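What follows is the residue order along each chain.
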Amino acid sequence: MSSALPTAAKPRLSLRYRPSFLASPKVLRTEVLAGLVVALALIPEAISFSIIAGVDPSVGLFASFTMAVVISVVGGRSAMISAATGAMALVIAPLNHQYGLGHLIGAVILGGLMQIALGAVGVARLMRFVPRSVMVGFVNALAVLIFLAQVPELTDVPWPVYPLVAAGLAMMIFFPRLTRAVPAPLVSIVILTVITVAAGIAVPTVGDKGELPSALPVPGLPDMPLTLEAVTVIAPYAFAFALVGLMESLMTAKLVDDITDTHSNKTRESIGQGIANVVTGFFGGMGGCAMIGQTMINVKTAGARTRVSTFLAGVFLMILCITFGPVVSDIPMAALVAVMILVSFATFDWHSIAPKTLRRLPLGETVVMAVTVAVVVATHNLAIGVVAGVITAMVVFARQVAHLAQVTGVVDPDGNQVVYAVTGELFFASSNDLVYQFDYAGDPDDVVIDLSDAHIWDASSVAALDAIETKYAARGKKVTVIGLNKPSAEMHEKLTGQLTGTH
């Protein structure tokens, strides 16, 4: 009987470690179909993002293929889709326009290495310091830039382009009311392509932008000089590329965590994004990051939950391009412009600028969001906009907290002592006014400053307390500081009397 127990336990033990997609044919079917749907939806967007970056469609398609395949193995968030994105295209587009594709590829590889380094030092933990208002501004600015990138495709073009764009938008808006089994953008692109080819309508097509890939990508080095000067040129773009990619990927991972009620490894995801971009660069892709829209298709619409769907999305994408390349070349640009216009409108957080929302939000929150959007649109650099937004948020927060420090003085009935109760957070913004809230001339000789309900955060606060004691001492009065909590007492003891040249 005892010898049978281990035998009975072994099957249970082995099943426990089987991947869910192998344990259930239904799960595997869901993952396969999800990967196919995402691949179909990725094709027009990858081509559109390639055009935004000013590169051949194959560069964006290669990037989407390698990003999806690599991140499915090394990423930290299952079922999240990474591919070529508008945000990354906008970051590196100026570099490509000025220096060419070789420098762009070099920036992608260097940016990936930076992401690996940032992930290794724990940059994912810093995302919690990015305020919601900055994130909203980031998303809104991305939507504005995507829309502005379509304007050149709508100027100095044959007149049929405009009704085609309008028809594409109409189909993408109303088709989902009939069924969501097939992505509406794909339906719109197929119908508009059939119409233009069958009717012989002369409009710009994808083929006019460059040739599609006819074979799998092969690894190689970027066509740029390996000199310090060249690295200096690409470094700023690579750093912006790394930051924007990590921010968008970590934001998307957090969203998927909430939807699936599961936790992801943000550090692994950060490093994984870097590895995927390095591999993508060596295969001639334009790099990428997590895609919010395609991830929502995969997780919410198709119900995928594992890495299989992400892997197959990349595989199916390349199969479709290599097999149906000539057909994809006939896609009218008007169809892709319609897709990107709809993407920009869907990306923009319209609720954030609704009058009802603006009336309820503190003014500082609205200012932070507006600064983020304005700086991004002005510079066409999402990273600079986010940094500006975070700095603005810090200033707004400091101004708000500075007013929370209050001083209340109570004189003893005998008039020999005054006790000042200080409440609030003492730091550089609030402690500057602290010196002016005491009656140095009128107070009795014994002054007590009670910090039981306060906390000292920095050297500025200690310097302010020293200044108060100095002013009282100049009038022959004694100051006693009481009520310090342990961290405040340690900082005060370490710095008091040491912050000026005189003792």
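The residue count restarts for each chain, going from 1 along the sequence in the order it is written. Since the coordinates come from a predicted model, pLDDT governs what is reported: local features require at least 70, and pairs of side-chain atoms require 80 or more to be given and counted, while whole-chain, interface and lining totals use all residues. With hydrogens and water set aside, each side-chain value is computed from the structure's full complement of heavy atoms.

Draft legend 1. Up close: the packing of aromatic side chains. Stacked, tilted and edge-to-face pairs are distinguished by plane angle, under 30 degrees for stacked and over 60 for edge-to-face with tilted covering the rest, among Phe, Tyr and Trp rings (Trp via its six-membered ring) whose centres lie within 6.5 Å. Evaluation of the coordinates by the stated rule reveals eight aromatic pairs. Between Phe-427 and Phe-428, the ring centres sit 5.1 Å apart and the planes meet at 85°, which makes this aromatic pair edge-to-face. Exposure is judged per residue with a 1.4 Å probe applied to protein chains only, and the accessible area is read against the type maximum: over 50% gives exposed, under 20% gives buried, and values in between give partly exposed. Of the residues examined, Phe-427 reaches a relative accessible area of 11% and is grouped as buried. Both a distance and an angle decide whether a charge sits over a ring: NZ of Lys or CZ of Arg must be within 6 Å of the ring centre and within 35 degrees of the ring normal. When the ring centre of Tyr-440 is taken as origin, the NZ or CZ atom of Lys-471, which lies over that ring, is 5.9 Å away.

Draft legend 2. Looking closely at the pairing of strand β6 (residues 478-482). Strands are labelled as partners when DSSP assigns at least two bridges between them. Here a helix means four or more residues in a row that DSSP labels H or I, a strand means two or more in a row labelled E, and each is numbered from the N terminus. For strand β5 (residues 446-456) and β6, the ladder comprises five bridges, and the chain directions are parallel. Paired with Val-447 across the strands is Val-479, a residue of β6. Note that the unit made of β5, helix α20 (residues 459-473) and β6 has a crossover that is right-handed. A crossover gets the label right-handed when its path from the first strand over the helix to the second runs clockwise, viewed with the strands pointing away from the viewer.

Draft legend 3. Summary view of the environment of Pro-487. Of note, Pro-487 is situated in helix α21 (residues 486-495). Judged by relative accessible area, Pro-487 falls into the partly exposed class, the value being 48%. Once the C-alpha coordinates of Pro-487 and Trp-457 are considered, the two residues, 30 residues apart in sequence, prove to be 8.7 Å apart.

Draft legend 4. Examining the pairing of β5 more closely. Relative to β5, strand β4 (residues 417-426) runs parallel, the two being bridged by nine bridges. Across the sheet, Val-418 pairs through a bridge with Val-447, a residue of β5.

Draft legend 5. Representation of the packing of helix α3 (residues 25-53) against helix α12 (residues 292-301). Following both chains from N to C, one finds α3 and α12 inclined at 160°, their axes separated by 9 Å at the closest point. Taken together, α3 and α12 sit at an angle that is classed as roughly antiparallel. Along this stretch, α3 crosses α12, giving a crossing that reads as right-handed. Side by side, α3 and α12 meet where Ala-34, Gly-35, Val-37, Val-38, Ala-41, Leu-42 and Glu-45 of the first sit next to Gln-294, Ile-297 and Asn-298 of the second. All amino acids are sorted into three groups, where Ala, Val, Leu, Ile, Met, Phe, Trp, Tyr, Cys and Pro are nonpolar, Asp, Glu, Lys and Arg are charged, and the leftover types, Gly among them, are polar. Classifying every residue of the contact of α3 with α12 by side-chain character gives six nonpolar, three polar and one charged. Comment: axis = line fitted to C-alpha atoms, over the contacting stretch for helices; angle = value between 0 and 180 degrees taken between N-to-C directions. Reported orientations rely on four angle classes, namely roughly parallel under 35 degrees, roughly antiparallel over 145, roughly perpendicular from 65 to 115, and oblique for the rest. In this scheme, a crossing is called left-handed if the near helix is turned counterclockwise away from the far one by less than a right angle; it is called right-handed if the turn is clockwise. The contact criterion used throughout is that any non-hydrogen atoms of two residues lie within 4.5 Å.

Draft legend 6. Examining the sheet that holds strand β3 (residues 406-411) more closely. Judged by pairing direction, the sheet is mixed, and its four strands sit side by side in the order β3-β4-β5-β6 without closing on themselves. The outermost strands of the open sheet, each flanked by one partner alone, are β3 and β6. Across the sheet, the axes of successive neighbouring strands diverge by a mean angle of 20°, strand direction being ignored. The strands that α20 touches are β4, β5 and β6; relative to β5, the one it contacts most, it runs at about 175°.

Draft legend 7. Structural context of the nonpolar core. With 83 residues, the main nonpolar core has Ile-47, Val-244, Met-286 and Leu-336 as its most contacted residues. Take this core: its biggest share by element is eleven residues, from α3. Ignoring any residue separated from it by four or fewer positions in sequence, one finds Ile-47 in contact with Pro-57, Leu-61, Val-206, Val-328 and Leu-336. In this text, buried Ala, Val, Leu, Ile, Met, Phe, Trp, Tyr and Cys residues form a nonpolar core when linked through side-chain atoms within 4.5 Å. Among the nonpolar cores identified, the runner-up in size contains 21 residues, and Val-407, Tyr-420, Val-435 and Val-462 belong to it.

Draft legend 8. Quick look at the side chain of Thr-193. Looking at the element boundaries, Thr-193 is found in helix α9 (residues 184-199). Other than its neighbours up to four places away in sequence, Thr-193 contacts Asp-330, Ile-331 and Pro-332.

Draft legend 9. View of the layout of surface pockets. Detection works on a 1 Å grid of protein atoms alone, calling trapped sets that fit a 1.4 Å probe cavities and calling open sets with protein on both sides within 12 Å along at least five of seven lines pockets, with lining residues defined by an atom within 4 Å of a point. Grid points are joined across faces, edges and corners, and a volume is the space filled by probe spheres set on the points. Of the voids in this model, the largest pocket is the one considered here, and its volume is about 1,400 Å³. Residue assignment for the lining of the largest pocket shows that the elements contributing at least two residues are α3, α5 (86-99), α7 (132-148), α9, α10 (228-260), α12 and α15 (333-347). Its residues placed into classes, the lining of the largest pocket shows 31 nonpolar, eight polar and seven charged. Looking at the second largest pocket, it is lined by 28 residues, and the ones nearest its centre are Phe-129, Val-130, Pro-131, Val-390 and Met-394. Of all the secondary structure elements, the ones that give two or more residues to the lining of the second largest pocket are α10, α17 (363-379) and α18 (382-402). In terms of residues, the lining of the second largest pocket owes the most to one element, α18, which gives eleven residues.

Draft legend 10. Highlighting the pattern of salt bridges. Only one rule defines a salt bridge in this text: a Lys or Arg side-chain nitrogen within 4 Å of an Asp or Glu carboxyl oxygen. Counted according to the given criterion, the structure contains two salt bridges. Note that Lys-266 and Asp-257 form a salt bridge whose closest N and O atoms lie 2.5 Å from each other. Residue classification places Asp-257 among the buried positions, given a relative accessible area of 8%. Here the salt bridges share partners, and the residues they tie into one network are Arg-77, Asp-257 and Lys-266.

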